[in-house]
Amino acid sequence: MMDLLGYGAFFLTTALIFSLVTLGLNLQWGLTGLFNVGLAGFVAIGAYTSALLTTPDDAARLGGFGLPILVGWAGATVAGGIAAALTGMATLRLRSDYLAITTFGVAVVVQLVALNAQKLTGGPFGIGFIPRPFGGLAETPLLFNLSNLAVVAAVTLIAYLALEHLARSPWGRVLKALREDERAAISLGKSARFYRVQAFAVGGAIMALAGALQAHFTGFIAPDNYLPILTFQVWVMLIVGGSGSNLGAVIGSILVWGIWAGSGTLTSVLFSPEQQARAASLQIVAIGVMLCVILLIRPKGLFGDRPRRTRFGKRAKAAVGESNSSS
């Protein structure tokens, strides 16, 4: 029973870290309409920044300042926001398809730098000995996982409430206006590029914070953690939950990660060790089938905007009568 609770806490912690990345993507795409397929790069920037700031000194690479974990998280958020802002200023004049290609290129560049800049990032060997919150409880897995779950849940809740407030604020309404009708918003004196760079920067900062949380939760990072499959997973989470809905971003992340982890466990049980490498592709198949089913039933996702229902009864008759009298 204790092992089951510990695994449940571990599972929810991982799912909520994905939720944080999905919330950042929802701000960029769901609220603003910015097609970012390079989010793995911003997650990697946050993870490496926090790791370099908080790990002990290492003669094999630069960094290793041994700063507190909270300082590392703050530095990761700032670094991710600056990187996203610079990317936005250089690319947000492009159309959505060219923007997608450019952001994907940024993610590839970040991953290649992490892989080859061994003096800075540790290269393919990654960075270890990253301090973990409540590391003294590591000998008690249940308490350790529950403590980390509480921290990650608190950070995710703060980000969720802040994004909900921003979406309802005048700033958020401008972003929605730019997404729906850019010319109309510009005619009212709003700078499309200025607001889009802001949204892209805030979304990138949230993704970088999620990367920092993941780095300190696992205690080790490597370039292989930030491959394009991460971008695929997060996009599926947002589509399943419902683009434009922060609640959908959180629920979709938990649901998709549950299917991903469950299918991985199932393949390890059903297939022999020699066949498990090939059977791992069944995880992507399971996610694809689930995505098709949900899009057939709910084209806008589980929590996406629902179409207005046709009015029946007295209200419909009154509406028809009004239209006839006016004609």
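Residues numbered from 1 in each chain as written. Predicted model: local features only at pLDDT ≥ 70, side-chain atom pairs only at ≥ 80, totals over all residues. Heavy atoms only, no water.

K.L.:
Tell me about the overall build of the protein, and name the residues and values.
P.N.:
Per the secondary structure count, the protein includes 14 helices and zero strands. When the helices and strands of the protein are placed in sequence order, the string is α-α-α-α-α-α-α-α-α-α-α-α-α-α. Its C-alpha atoms give the protein a radius of gyration of 22 Å, near enough to 20 Å, the size a compact globule of 327 residues would have. Reported as C-alpha extents along the three principal axes, the dimensions of the protein are approximately 85 × 50 × 35 Å. When burial is assessed residue by residue, the protein has 46% of its 327 residues classed as buried. Counting only contacts in the protein whose residues sit at least 6 apart along the sequence, the fraction spanning at least 24 positions is 76%. Accessible area for the protein stands at about 17100 Å²; split by element, carbon and sulfur atoms hold 68% of it. Charge separation in the protein, taken as the distance between the mean sites of 23 positive and 13 negative side-chain charges, equals 15 Å. (Helix = DSSP H or I, 4+ residues; strand = E, 2+ residues; numbered from the N terminus. Rg over C-alpha atoms; globule rule 2.2 N^0.38 Å. Buried < 20%, exposed > 50% of the residue type's maximum accessible area, 1.4 Å probe, protein only. Contact = heavy atoms within 4.5 Å. Areas by Shrake-Rupley, 256 points an atom, 1.4 Å probe, with all protein chains shown as cover. Lys, Arg positive; Asp, Glu negative; His and termini not counted. Charge placed at Lys NZ, Arg CZ, Asp CG, Glu CD.)

K.L.:
Pulling in residues and values, what's your account of the packing of aromatic side chains?
P.N.:
Two measures describe an aromatic ring pair: the distance that separates the ring centres and the angle between the ring planes. One pass over the full model with this rule turns up eight aromatic pairs. Taking 5.5 Å as the distance between ring centres and 50° as the angle between the ring planes, the aromatic pair formed by Trp 29 and Phe 35 counts as tilted. On the accessibility criterion, Phe 35 (28% relative accessible area) is partly exposed. With 5.9 Å between their ring centres and 85° between their planes, Phe 42 and Phe 200 make a pair best called edge-to-face. Taken together, the residues Phe 42 in helix 2 (residues 39–54) and Phe 200 in helix 9 (residues 192–218) connect sequence positions 158 residues apart. A single burial state applies to Phe 42 and to Phe 200, both of which are buried. Feature note: the residues Trp 29, Phe 35 and Trp 235 constitute an aromatic cluster, connected by ring pairs. (Phe/Tyr/Trp six-rings, centres within 6.5 Å; stacked < 30°, edge-to-face > 60°.)

K.L.:
Break down helix 9 for me, citing the residues and quoting the values.
P.N.:
In this model, helix 9 (27 residues) spans 39 Å end to end at C-alpha, consistent with the 39 Å of a helix rising 1.5 Å per residue. Counting buried positions over the 27 residues of helix 9 gives 21, a clear majority of the element. Two residues or fewer after helix 9 comes Gly 219, characterised by a positive phi angle close to 85°. (Expected span 1.5 Å × (residues − 1).)

K.L.:
Requested: an account of the nonpolar core, with residues and values cited.
P.N.:
Ranked by internal contacts, the top residues of the largest apolar core, which has 80 residues, are Leu 20, Ile 221 and Tyr 226. It is helix 9 that contributes the most residues to this core, 14 residues altogether. Filtering out sequence-adjacent residues up to four positions away, Leu 20 remains in contact with Val 155, Thr 156, Ala 159, Ile 206, Leu 209, Ala 210 and Leu 213. (Core = buried A, V, L, I, M, F, W, Y, C linked by side-chain atoms within 4.5 Å.)

K.L.:
Pulling in residues and values, what's your account of the packing of helix 10 (residues 228–241) against helix 13 (residues 281–297)?
P.N.:
Two elements in contact, helix 10 and helix 13, have axes whose closest approach is 10 Å; the angle formed by their N-to-C orientations is 25°. With respect to helix 13, the axis of helix 10 lies roughly parallel. Note that helix 10 runs across helix 13; the crossing there is left-handed. Contacts from Ile 229, Phe 232, Val 236, Ile 239 and Val 240 of helix 10 reach helix 13 at Ile 284, Ile 287, Met 290, Leu 291, Ile 294 and Leu 295. (Axes fitted to C-alpha atoms, helices over the stretch in contact; angles between N-to-C directions. Parallel < 35°, antiparallel > 145°, perpendicular 65-115°, else oblique. Left-handed = near helix turned anticlockwise from the far one by under 90°.)

K.L.:
Give me the pattern of salt bridges: which residues, what numbers.
P.N.:
Side chains that differ in sign of charge can pair as their charged atoms come close. Applying the stated rule across the entire model yields four salt bridges. In this structure, Asp 58 engages Arg 61 in a salt bridge whose closest nitrogen and oxygen atoms are separated by 3.9 Å. Given a relative accessible area of 32%, Asp 58 falls into the partly exposed group. A salt bridge links Arg 196 to Glu 182, with the nearest nitrogen and oxygen atoms 3.1 Å apart. Here Arg 196 is found in helix 9, whereas its partner Glu 182 is found in helix 8 (residues 182–187), with 14 residues between them in sequence. A relative accessible area of 15% means that Arg 196 is categorised as buried. In this structure Glu 182 comes out as partly exposed when scored by relative accessible area, which is 32%. (Salt bridge = Lys/Arg side-chain N within 4 Å of Asp/Glu carboxyl O.)

K.L.:
I'd like to hear about the packing of helix 11 (residues 246–270) against helix 13, residue by residue, with values.
P.N.:
Viewed as axis vectors pointing N to C, helix 11 and helix 13 meet at an angle of 140°, and their least axial separation amounts to 9 Å. In terms of their interaxial angle, helix 11 and helix 13 are classed as oblique. Crossing hand, helix 11 versus helix 13: right-handed. For the pair formed by helix 11 and helix 13, the contact residues are Leu 255, Val 256, Ile 259, Trp 260, Ser 263, Gly 264 and Thr 267 on the first element and Leu 282, Gln 283, Ile 284, Ala 286, Ile 287, Met 290 and Ile 294 on the second. For the contact of helix 11 with helix 13, a count of residues per class yields ten nonpolar, four polar and no charged. (Nonpolar A, V, L, I, M, F, W, Y, C, P; charged D, E, K, R; others polar.)

Shape descriptors only; they carry no functional weight alone.
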